[in-house]
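# Understanding the architecture of this molecule
The residues making up each chain are set out below.
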Amino acid sequence: MTEPNPELLDQLAAEYALGTLRGPARRRFERLIEGDPALARRVEDWAQRLDPLAEGAPAIEPPARSWAEIERRIGAAPPRARRGLLALLFGRPTGPVPSLATAGLWYCLGFWRRAGLAGAAIALLLFVYLFVAPPPTPTHMALLADAASKPVAMVSLDLKHDRLTLDASRLPVAEAGKSLELWILPPQGNPRSLGVLPAGPLSLPLDRAAAADLAHGGLAVSLEPAGGSPTGLPTGPVLYSGAVLPAS
Amino acid sequence: MSDATLLAAFLAAVARGDRTALERLYRATAPQLFGLALGIVRRRDLAEEALQETFMAVWRHAGRFDADRGTALGWMARILRNECFDLMAKRGRDAPLDPEMAEALPDPAAGPEALAQGGEEALRLKRCLDQLEAQPRASLLLAYYQGLTFHQVAARLGVPLGTVKSWIRRSLVRLKGCLDT
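Rules used in this analysis
In this convention, every chain numbers its residues from 1, walking through the sequence in written order. Think of it this way: whatever chain is written first is A, whatever ligand is written first is 1, and the rest follow in order. Local features are withheld for residues below a pLDDT of 70 in this predicted model, meaning they are given only at 70 or higher, and side-chain atom pairs are given and counted only at 80 or more; totals for whole chains, interfaces and linings count all residues. Side-chain measures here rest on the full set of heavy atoms in the structure, leaving out hydrogens and waters. Only buried Ala, Val, Leu, Ile, Met, Phe, Trp, Tyr and Cys residues count toward a nonpolar core, and they belong to the same one when joined by side-chain atoms within 4.5 Å. Using a 1.4 Å probe on the protein chains alone, a residue whose accessible area is under 20% of its type maximum counts as buried, one over 50% counts as exposed, and one in between counts as partly exposed. A run of H or I in DSSP counts as a helix once it spans at least four residues, and a run of E counts as a strand once it spans at least two, with each numbered from the N terminus. Residue contacts follow a heavy-atom distance rule, with two residues in contact if any of their heavy atoms lie within 4.5 Å. For this document, the term salt bridge refers to a Lys or Arg side-chain nitrogen within 4 Å of an Asp or Glu carboxyl oxygen. Any cysteine sulfur atom paired with another within 2.5 Å is treated as part of a disulfide. Criterion used throughout: strands pair if DSSP finds at least two bridges between them. Each axis is a line fitted through C-alpha atoms, and for a helix only the stretch in contact is used; angles between axes span 0 to 180 degrees, taken between their N-to-C directions. The pLDDT value tells you how sure the predictor is about a given residue, anywhere from 0 up to 100. The definition of a polar contact used here is a pair of N or O atoms within 3.5 Å, where within protein one atom must be able to donate a hydrogen and the other to accept one, and adjacent residues in sequence count solely through side-chain atom pairs. By definition, the buried area sums, over both parts, the 1.4 Å-probe accessible area that each loses when the two are put together. Side-chain classes are defined by residue name, with Ala, Val, Leu, Ile, Met, Phe, Trp, Tyr, Cys and Pro counting as nonpolar, Asp, Glu, Lys and Arg as charged, and the others, Gly among them, as polar. Expected helix span is taken as 1.5 Å per residue step, with the number of steps being one fewer than the number of residues. In this analysis, rings of Phe, Tyr and Trp, with Trp reduced to its six-membered ring, are considered paired at centre separations within 6.5 Å, and the interplanar angle assigns stacked below 30 degrees, edge-to-face beyond 60, and tilted for intermediate values. We call a charge positioned above a ring when the Lys NZ or Arg CZ atom is no farther than 6 Å from the ring centre and deviates by at most 35 degrees from the ring normal.

As a further point, take the nonpolar core. The biggest cluster of nonpolar side chains holds 84 residues, and the ones touching the most others in it are Leu53 of chain A together with Leu22 and Leu129 of chain B. The element contributing the most residues to this core is helix α2 (residues 19-41) of chain B, with 12 residues. Not counting chain neighbours up to four residues away, the residues in contact with Leu22 of chain B comprise Trp67, Ile70 and Ile74 of chain A together with Val14, Phe55, Val58 and Trp59 of chain B. In this structure, Ala142, Val152, Leu182 and Leu194 of chain A belong to the second largest nonpolar core, which totals 28 residues.

This is the structure:
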């Protein structure tokens, strides 16, 4: 097979992003992008260039029933594994993931992005800035490390305001069908789940008991079936762990 | 804290399954997305459907948004436009337009003017668009804001298909040159 002309590919990528590539040609091109990260990157670059155009769209109020309908459909989404409020806070939306052909390519861009490039530090800072009030001064820290003592993630704890902040974006992604679950290791007794780790930054409130245990305990991450341990205790190997230490 | 960073933070919260954040995101962006959808599908019922599908997709896939690579609104607009194209393909391109809608349709040329109120990226794009000649620029904007194909743009502007193709392709190349420097 001959190599496609790069200029033509760039033109197609631009037309895909603009929307003038349509019908069967659009679907063929989507299949092409799926198997070609470099081409996907080109499309992403083009989409990014054109993204600001969305700000120029006129604002027209949709009818109230639109939101009501979205709320209803979300309510009808398959229930997640519930293990208390924290698990719910953590819970990742479940439900069928549409195929590329039906969902459009945009949803999978994170996939090849995640493969090589370091992630969401900015988002973490933002999130902390926005939602952690008062501004977080970590009272404690924990460095999560693997079995070879190689650090993989820093956890900040503000035990005055009962909040845990973690950027999980540098943790290796769990294999398909598996989840990474975060646990409190209290000074005494069984590990307690803090829920399944999201791919990016995380900031969550702790209850008093969790904060008290963390002040003198540790944190661990185990590999679990998708959605988290079915038993409420770690079932898979503990991949990372670290003791909680005072920050100063 | 700009609107764009606020929206990105909402998306981050939605990725963790926060329904309140989804509602805040909806309140902040639905009118603009609905306006964009109306411009493309030109029927209120289809625009509502596209909007709902978009927010369902955002609910399921918010974790895939990358704040380092584009704006939250832009990312949502990409999903929305894809939904619109899918809807039109499904219902047939000749689905009758809502006559009232045709009246109310915004002038695509107004888009870049509104960009002047946007963020830094929007302003930059506006400056680059302003460097294009009137008709090529209009062709490109008709394609984006009204989802028109090359054929439809040609019919609308009353020029040959080949002319529209080369206008749009040349405009894209010039935009790239202007934006990437």
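Turning our eyes to something else, we now look at the pattern of salt bridges. Residues and elements named next belong to chain A. A full pass over the atoms with the stated rule returns 18 salt bridges over all chains. Here Asp45 ties to Arg41 by a salt bridge, and the two come within 3.8 Å at their closest N and O atoms. Placement of the pair is Asp45 and Arg41 together in helix α3 (residues 37-50), with a separation of four residues, close to one helical turn. The exposure class of Asp45 is partly exposed, given its relative accessible area of 25%. Where Arg72 meets Glu69, a salt bridge forms, and the shortest distance between an N and an O atom there is 2.8 Å. Here Glu69 and Arg72 lie together in helix α4 (residues 64-75), a separation of three residues that amounts to about one turn.

Residues and elements named next belong to chain B. Scanning the entire structure with this criterion turns up one disulfide over all chains. Each disulfide pairs two cysteine sulfurs, and for Cys128 the partner residue is Cys178, the sulfurs being separated by 1.9 Å. Taking the torsion about the S-S bond as the criterion, the Cys128 to Cys178 disulfide, at about -80°, is left-handed. Here Cys128, found in helix α7 (residues 120-130), pairs with Cys178, found in helix α10 (residues 161-180); they are 50 residues apart in sequence, far enough to count as distant. On the basis of relative accessibility, which here comes to 4%, the residue Cys128 falls in the buried class.

Further remarks concern the sheet that holds strand β5 (residues 192-196) of chain A. Residues and elements named next belong to chain A. Across the sheet, eight strands lie side by side as β5-β4-β7-β8-β1-β2-β3-β6; this open sheet has antiparallel pairing. Edge strands, defined here as strands with exactly one partner in the open sheet, are β5 and β6 (201-205). In this sheet, adjacent strand axes meet at a mean angle of 20° when their direction is disregarded. As judged from the four bridges shared by strand β2 (residues 151-158) and strand β3 (residues 163-167), these two strands associate in the antiparallel manner. Bridge assignment links Leu157 to a residue of β3, and that residue is Leu164.

Turning to the confidence of the model for chain A, a few remarks are in order. Residues and elements named next belong to chain A. The predicted model of chain A averages 75 in pLDDT, with 73% of residues at 70 or higher. By mean pLDDT, the top-scoring element of chain A is α3 (93), and the lowest-scoring one is helix α5 (residues 84-90) (37). For residues 77-103, every residue scores under 50 in pLDDT, and the model assigns this stretch 52 contacts once sequence neighbours within four places are set aside. Every residue in residues 105-135 scores below 50 in pLDDT, and together they form 69 contacts with partners more than four places removed in sequence or on other chains.

Turning our eyes to something else, we now look at the environment of Arg208 of chain A. Residues and elements named next belong to chain A. Tracing the chain through its elements places Arg208 in helix α9 (residues 208-215). Counting along the chain gives 48 residues from Arg208 to Lys160, while the straight-line C-alpha distance between them is 10.0 Å. Only 2.7 Å separates the side chain of Arg208 from the side chain of Asp162, close enough to count as a polar contact.

One non-glycine residue, Asp162 of chain A, adopts positive backbone phi at about 55°. Take Asp162 of chain A: it is sitting in the loop between β2 and β3. Residue Asp162 of chain A is classed as buried on the basis of its relative accessible area of 13%. Its identity as a non-glycine residue notwithstanding, Arg42 of chain B has a phi of 60°, on the positive side. Tracing the backbone through its elements, the reader meets Arg42 of chain B in the loop between α2 and α3 (44-61).

Bringing the interface of chain B and chain A into the picture now. At the interface, 80 residues of chain B touch 73 residues of chain A. In total, about 6,800 Å² of surface goes out of reach between chain B and chain A, with carbon and sulfur atoms giving 59% of it. On the chain B side of the interface with chain A, the three residues burying the most area are Arg16, Arg69 and Arg78 of chain B, jointly 13% of the side's total. If you look at where chain B meets chain A, you find nine salt bridges. Note that Arg69 of chain B and Asp45 of chain A form a salt bridge whose closest N and O atoms lie 3.2 Å from each other. The interface formed by chain B and chain A includes 20 residue pairs in polar contact (both at pLDDT 80 or more). For the side of chain B that touches chain A, the secondary structure elements donating two or more residues are α1 (3-15), α2, α3, α4 (72-91), α6 (110-115), α7, α8 (134-145) and α10 of chain B. Looking at the side of chain B that touches chain A residue by residue, the classes come out as 43 nonpolar, 16 polar and 21 charged.

Our next topic: α8 of chain B. Residues and elements named next belong to chain B. Between the first and last C-alpha of α8 there are 16 Å, a value that for 12 residues agrees with the 16 Å anticipated at 1.5 Å per step. Counting buried positions along α8 yields nine of 12 residues, so the element is predominantly enclosed. When we look at burial in α8, the residues that qualify are Pro136, Arg137, Ser139, Leu140, Leu141, Leu142, Ala143, Tyr144 and Tyr145. Two residues or fewer past α8, Gly147 is found with a positive phi of approximately 60°.

This brings us to the packing of aromatic side chains. We describe a pair of aromatic rings using the distance from one ring centre to the other and the angle between the two ring planes. In this structure the tally under the stated criterion is five aromatic pairs over all chains. Between the aromatic rings of Phe65 of chain B and Trp75 of chain B, the centroid separation amounts to 5.5 Å while the plane-to-plane angle is 55°, which identifies the pairing as tilted. With Phe65 of chain B in the loop between α3 and α4 and Trp75 of chain B in helix α4, the pair connects residues that are 10 residues apart, well separated along the chain. Summarising the burial analysis for this pair, Phe65 of chain B and Trp75 of chain B share the class buried. Taken together through their ring pairs, the aromatic side chains of Trp67 of chain A together with Tyr26 and Phe55 of chain B make up a single cluster. Here Arg26 of chain A stacks its cationic end above the ring of Tyr16 of chain A, 4.1 Å away from the centre of that ring.

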